[in-house]
Amino acid sequence: MEIRKVFLTESEIPRQWYNLLADIKLNPPLGPDGKPVTPDMLAPVFPMNLIEQEVSSERWIDIPEDVLKVLNIWRPSPLIRALSLEAYLDTPARIYYKNESVSPPGSHKPNTAVPQAYYNKVFGIKKITTETGAGQWGSALAFACSQFGIECKVFMVRVSFKQKPYRKSMMETWGAKCVASPSSETKAGQDILATHPDTPGSLGIAISEAIEAAVTDTSGQTRYSLGSVLNHVLLHQTIIGLEAKKQMEKVGEYPDIILGCAGGGSNFAGISFPFVYDKINGKDIDIYPVEPAACPTLTRAPFVYDHGDTARYTPLLPMHSLGHAFVPPPVHAGGLRYHGMAPMVSQLVAEGIIEPKAVSQLDAYAAGVVFARTEGIIPAPETNHVISSVIAEALKAKEEGKEKVILFNFSGHGLIDLVGYDKYFSKELTNFALSEKEIKAAEKVFENFPKPELLKSR
Ligand SMILES: *Cc1c(COP(=O)(O)O)cnc(C)c1O
């Protein structure tokens, strides 16, 4: 019988994260004066130990024992050969995926929520605020905070708050508080409600609210936490790719193609960055981040300096951006509706080291249904996007008669997101095509900001 699952023992879990910042050049984040931000400017928002990680250029960073202890609840995660999907597609390609849906909240997100809660705890922080899109991040942070005895407050994008009520139930079960964003609890929320009372909300708005709630808490013991985009978040996710590398080695394989869906870029970075290191050092691999066509940050938006949030509380980040005021269409893949993209992922695209793809909502769901009916696991709407591209690559390999080895990240399951599947089956789901005009209009917000340099890392 062919091998279907590849496991690592608990003692084989990676003990260090891989930091891509050691191997690429990045434009610095800029403050309101147009000058690079200094670590102390971020101190009201993040604990200093995480700020140090954010700017570190050490290639390998130790994972603390207390973090490993919690990650061990579900890690190492299995590497699975998608034998049934391969047979269904009748492809010579061998398809492998890392199953990140086995974590308690059901996605890759606790890989960073756990270390973030830990570093806050060590720094003496008592409460963490955050935003959440589809609710995956909010539940991951709620879970992590419960492990370390920290209070957790989540601002959840309004449209998802309505679409995905069980996410709130999960957060509350782990002891967190969750409100719909925009809320009347912050100035950022009140301003939006005054001008756009019916807004579906956006990650940009919810981030503004969560940052404001953290920095206006006068106790000094509250900080904010972000579930994607930032360097330290991507760093924590590299445990996925590092495990995958060991698991592929165990079965004598090495990927030709690597894919991950991309919202803020963290699960894609997690699976791919340890292999990007190999590519920078000469390996021939095709690496594809996959995003929704309705929120085409990497495929259609320019590489610019822009804010990470709508109220412009964050520094200017060098990234592909649809504009910080962009409110994406209410597609079901809530986790992929961010206007920006991780600076490290954006930099790799700008340099041509990785190549982005976009998938429509209907193609994504069609692929998700194929996956559920072959491999058995019902994917998250976000994950459906990468599966669509995986199927396309496997069919291309069949056409070309090539035995490609494909590795992708199965970022989460869809058991809390079944409403989208219902709508897909009842044909209520549609594709959203953004016109060039809409994209150009959204870009107005960063017209007058400084422009990032086109740096070359290799
Ligand atoms: C949040 C989420 C994503 C997108 O976020 P990234 O930071 O781009 O990884 C993808 N898949 C799932 C299941 C998610 O919860």
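Residues numbered from 1 in each chain as written. Predicted model: local features only at pLDDT ≥ 70, side-chain atom pairs only at ≥ 80, totals over all residues. Heavy atoms only, no water.

### A look at the overall build of the protein chain
Each helix and strand counted, the protein chain has 18 helices and 15 strands in total. Here the C-alpha atoms of the protein chain give a radius of gyration of 20 Å, agreeing with the 23 Å that 2.2 N^0.38 yields for 458 residues. Its C-alpha atoms give the protein chain principal-axis dimensions of roughly 60 × 50 × 45 Å. Looking at the protein chain residue by residue over its 458 residues, the buried ones come to 63%. Sequence-distant contacts, at least 24 apart, represent 78% of the contacts inside the protein chain between residues at least 6 apart. (Helix = DSSP H or I, 4+ residues; strand = E, 2+ residues; numbered from the N terminus. Rg over C-alpha atoms; globule rule 2.2 N^0.38 Å. Buried < 20%, exposed > 50% of the residue type's maximum accessible area, 1.4 Å probe, protein only. Contact = heavy atoms within 4.5 Å.)

### So, the domain arrangement of the protein chain
You can read the domains of the protein chain as domain 1 (47–55 + 109–228) and domain 2 (64–106 + 232–446). Centre-to-centre separation of domain 1 and domain 2, based on C-alpha positions: 23 Å. Contacts between the two partners involve 43 residues from domain 1, matched on the other side by 43 residues from domain 2. Carbon and sulfur atoms make up 62% of the area that domain 1 and domain 2 hide from each other, which totals about 3500 Å². Counting the surface domain 1 buries against domain 2, the share from its top three residues, Asn 111, Gln 163 and Ser 228, is 18%. Linking domain 1 with domain 2 are 1 salt bridge, by the criterion used here. Our enumeration of links across domain 1 and domain 2 arrives at 14 residue pairs in polar contact (both at pLDDT 80 or more). Of all the secondary-structure elements, those providing two or more residues to the side of domain 1 that touches domain 2 are α2 (48–55), α5 (110–122), α6 (136–148), α7 (158–163), α8 (165–173), α9 (187–195) and α10 (203–215). Sorting elements by how many residues they give to the side of domain 1 that touches domain 2 places α5 first, with 8 residues. (Domains from an automatic or database assignment. Buried area = accessible area lost by both parts, 1.4 Å probe. Salt bridge = Lys/Arg side-chain N within 4 Å of Asp/Glu carboxyl O. Polar contact = N/O pair within 3.5 Å; in protein donor to acceptor, adjacent residues only side chain to side chain.)

### Quick word on the site of the ligand
The local shell around the ligand holds 19 residues, among which Lys 109, Ser 228, Gly 263, Ser 266 and Ser 411 are the closest. Between Lys 109 and the ligand, the recorded distance is 2.6 Å, taken from a side-chain N or O atom to an oxygen atom. Here Ser 266 contributes a side-chain N or O atom positioned 2.7 Å from an oxygen atom of the ligand. The set of elements that each furnish at least two residues to the shell around the ligand consists of α12 (266–280) and α16 (381–400). For the shell around the ligand, the class distribution of residues is 4 nonpolar, 13 polar and 2 charged. Residues lining the shell around the ligand come from more than one domain, with at least three contributed by each of domain 1 (47–55 + 109–228) and domain 2 (64–106 + 232–446). (Near = heavy atom within 4 Å. Nonpolar A, V, L, I, M, F, W, Y, C, P; charged D, E, K, R; others polar.)

### Describing the sheet that holds strand β1 (residues 5–6)
Hydrogen bonds along the backbone pair up the strands of a sheet, which may run parallel or antiparallel. Taken in spatial order, the 7 strands line up as β1-β4-β5-β15-β10-β11-β14 in an open sheet, and their pairing is mixed. Lying at the two open borders of the sheet, with one neighbouring strand each, are β1 and β14 (357–359). Across 3 bridges, the pairing between strand β10 (residues 257–261) and strand β15 (residues 405–410) is parallel. Following the sheet pairing, Ile 258 is matched in β15 by Leu 407. (Pairing = 2+ DSSP bridges.)

### Topic: the packing of aromatic side chains
With the rule as written, the count across this model stands at 16 aromatic pairs. Pairing Tyr 18 with Trp 60 gives two aromatic rings, centres 5.5 Å apart and planes at 50 degrees, and the pair type is tilted. Taken as a pair, Tyr 18 in strand β2 (residues 16–18) and Trp 60 in strand β3 (residues 60–62) lie far apart in primary sequence, 42 residues in all. Judged by its relative accessible area of 39%, Trp 60 is partly exposed. Ring centres of Phe 371 and Phe 408 lie 6.3 Å apart, and the angle between their planes is 85 degrees; this geometry places the pair in the edge-to-face category. Linking Phe 371 in helix α15 (residues 361–374) with Phe 408 in strand β15, this pair joins segments that are 37 residues apart in sequence. Across this residue pair, the class does not change: Phe 371 and Phe 408 are buried. Among the aromatic residues, those joined into a cluster by ring pairs are Tyr 97, Phe 371, Phe 408 and Phe 410. Lying across the ring of Tyr 288, Lys 357 places its NZ or CZ 4.1 Å from the centre. (Phe/Tyr/Trp six-rings, centres within 6.5 Å; stacked < 30°, edge-to-face > 60°. Lys NZ or Arg CZ within 6 Å of the ring centre and 35° of its normal.)

### Observations regarding the packing of α15 against helix α17 (residues 418–425)
The axes of two packed helices give the description: the angle between them and the distance between them. Contact pair α15 / α17: the axes reach a minimum separation of 11 Å and the direction vectors enclose 105 degrees. The orientation of α15 with respect to α17, classified from their angle, is roughly perpendicular. Of the residues in α17, those touching α15 at Leu 362, Tyr 365, Ala 366, Gly 368, Val 369 and Arg 373 are Gly 420, Tyr 421, Tyr 424 and Phe 425. Of the residues that constitute the contact of α15 with α17, the class distribution is 7 nonpolar, 2 polar and 1 charged. (Axes fitted to C-alpha atoms, helices over the stretch in contact; angles between N-to-C directions. Parallel < 35°, antiparallel > 145°, perpendicular 65-115°, else oblique.)

### Topic: the packing of α12 against helix α14 (residues 343–350)
Between α12 and α14, the shortest axis-to-axis distance is 11 Å and the interhelical angle comes to 50 degrees. Relative to α14, the element α12 lies oblique. Considering the relative orientation of α12 and α14, their crossing is left-handed. Touching Phe 268, Ala 269, Phe 273 and Val 276 of α12 are Met 344, Val 345 and Leu 348, all from α14. Along the lines of polarity and charge, the residues of the contact of α12 with α14 split into 7 nonpolar, no polar and no charged. (Left-handed = near helix turned anticlockwise from the far one by under 90°.)

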